[in-house]
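Below are the chains, spelled out letter by letter.
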Amino acid sequence: MELIQNTPDLSAYLAADEAIDHDHPLVRETAARLAVGAADSYGYARLAFDFVRDEIAHSQDVGDPRVTWRASDVLEQGTGICYAKAHALAALLRAEDIPTALCYQKFDVVHGLIAVRFNGAWHRQDPRGNKPGVDAQFSLDGERLAFVPDPEFSELDYPVLYAEPHPVVLSALKAAPDRPHLWQALPTAL
């Protein structure tokens, strides 16, 4: 699948916004702490991915009713669904000047992940969090995502790489008072 930037301006994939608030002190502090253990930007990207995948709980998996959507809130509260975890990882990567896009897949509902740019190409990564049956890994040598769409069930990969969260996704997150309400409002398509 060919990934398509929704804007040709690569600097848009480094920008801060209300959800990917990499200028927030907590995001900066977390990025600096992770960067200490990295030999280069690739090593940092792997550490940031592992941190978000393993240390930020997927709220559905752990039964946490809180809804987070802003990267700094995800890091502070230590929880979020796929979209929120993608926002946190994008913020951590952008804080270290690594171009990062948001991207999506369609299953019964839309699933959020990121793409990171290395060596002149985009590479999708899924920090959703592993559990039995899910084994997402950071990789630039072929995708190791949490889920693979099955076209037989009308599942698909959206090819667009967004510089900002998709408005439908962000609206659902911001409007939900808790995760049970969010589950009723998750987008089923973009």
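We now turn to the structure provided with this report. Note that the structure is a prediction, hence the values are computed from the model and not measured.

**Remarks on the packing of aromatic side chains**
- In the structure shown here, the tally under the stated rule is 7 aromatic pairs.
- Summarising the aromatic geometry, the rings of F49 and F138 are spaced 5.7 Å apart at their centres and angled 55° between planes, so their arrangement reads as tilted. With F49 in helix 2 (residues 41-55) and F138 in the loop between strand 6 (121-125) and strand 7 (156-157), this residue pair connects regions lying 89 residues apart in the sequence.
- In this structure F49 comes out as buried when scored by relative accessible area, which is 0%.
- One aromatic cluster in this structure is built from Y42, F49, F118 and F138.
- Above the face of the W69 ring, K174 is positioned so that its terminal group lies 5.1 Å from the ring centre.
- The residue whose ring lies beneath R179 is W183, and the NZ or CZ to ring-centre distance is 5.7 Å.

**Considerations on the layout of surface pockets**
- Of the voids in this model, the largest pocket is the one considered here, and its volume is about 310 Å³.
- Along the walls of the largest pocket sit 17 residues, with F107, V109, V110, H111 and F147 positioned nearest its centre.
- Of all the secondary structure elements, the ones that give two or more residues to the lining of the largest pocket are helix 3 (59-62), helix 5 (82-95) and strand 5 (110-118).
- Here the lining of the largest pocket is composed, by residue class, of 9 nonpolar, 3 polar and 5 charged.

**Details of the pattern of salt bridges**
- Enumeration over the complete set of coordinates arrives at 10 salt bridges.
- A salt bridge links R128 to D61; its shortest N-O distance comes to 2.7 Å. Of this pair, R128 sits in the loop between strand 6 and strand 7 while D61 sits in helix 3; the two residues are 67 residues apart in sequence, bridging distant segments of the chain.
- In this structure, the salt-bridge partner of D135 is R144, at a minimum N-O distance of 3.6 Å.
- On the accessibility criterion, D135 (45% relative accessible area) is partly exposed.
- Among the charged side chains, a salt-bridge network with shared partners connects D50, R53 and D54.

Conventions adopted
- Residues numbered from 1 in each chain as written.
- Predicted model: local features only at pLDDT ≥ 70, side-chain atom pairs only at ≥ 80, totals over all residues.
- Heavy atoms only, no water.
- Phe/Tyr/Trp six-rings, centres within 6.5 Å; stacked < 30°, edge-to-face > 60°.
- Helix = DSSP H or I, 4+ residues; strand = E, 2+ residues; numbered from the N terminus.
- Buried < 20%, exposed > 50% of the residue type's maximum accessible area, 1.4 Å probe, protein only.
- Lys NZ or Arg CZ within 6 Å of the ring centre and 35° of its normal.
- 1 Å grid on protein atoms, 1.4 Å probe; cavity = no way out; pocket = protein on both sides within 12 Å on 5 of 7 lines; lining within 4 Å.
- Points joined across faces, edges and corners; volume = space filled by probe spheres on them.
- Nonpolar A, V, L, I, M, F, W, Y, C, P; charged D, E, K, R; others polar.
- Salt bridge = Lys/Arg side-chain N within 4 Å of Asp/Glu carboxyl O.

So yeah, pure geometry; function would need other evidence.
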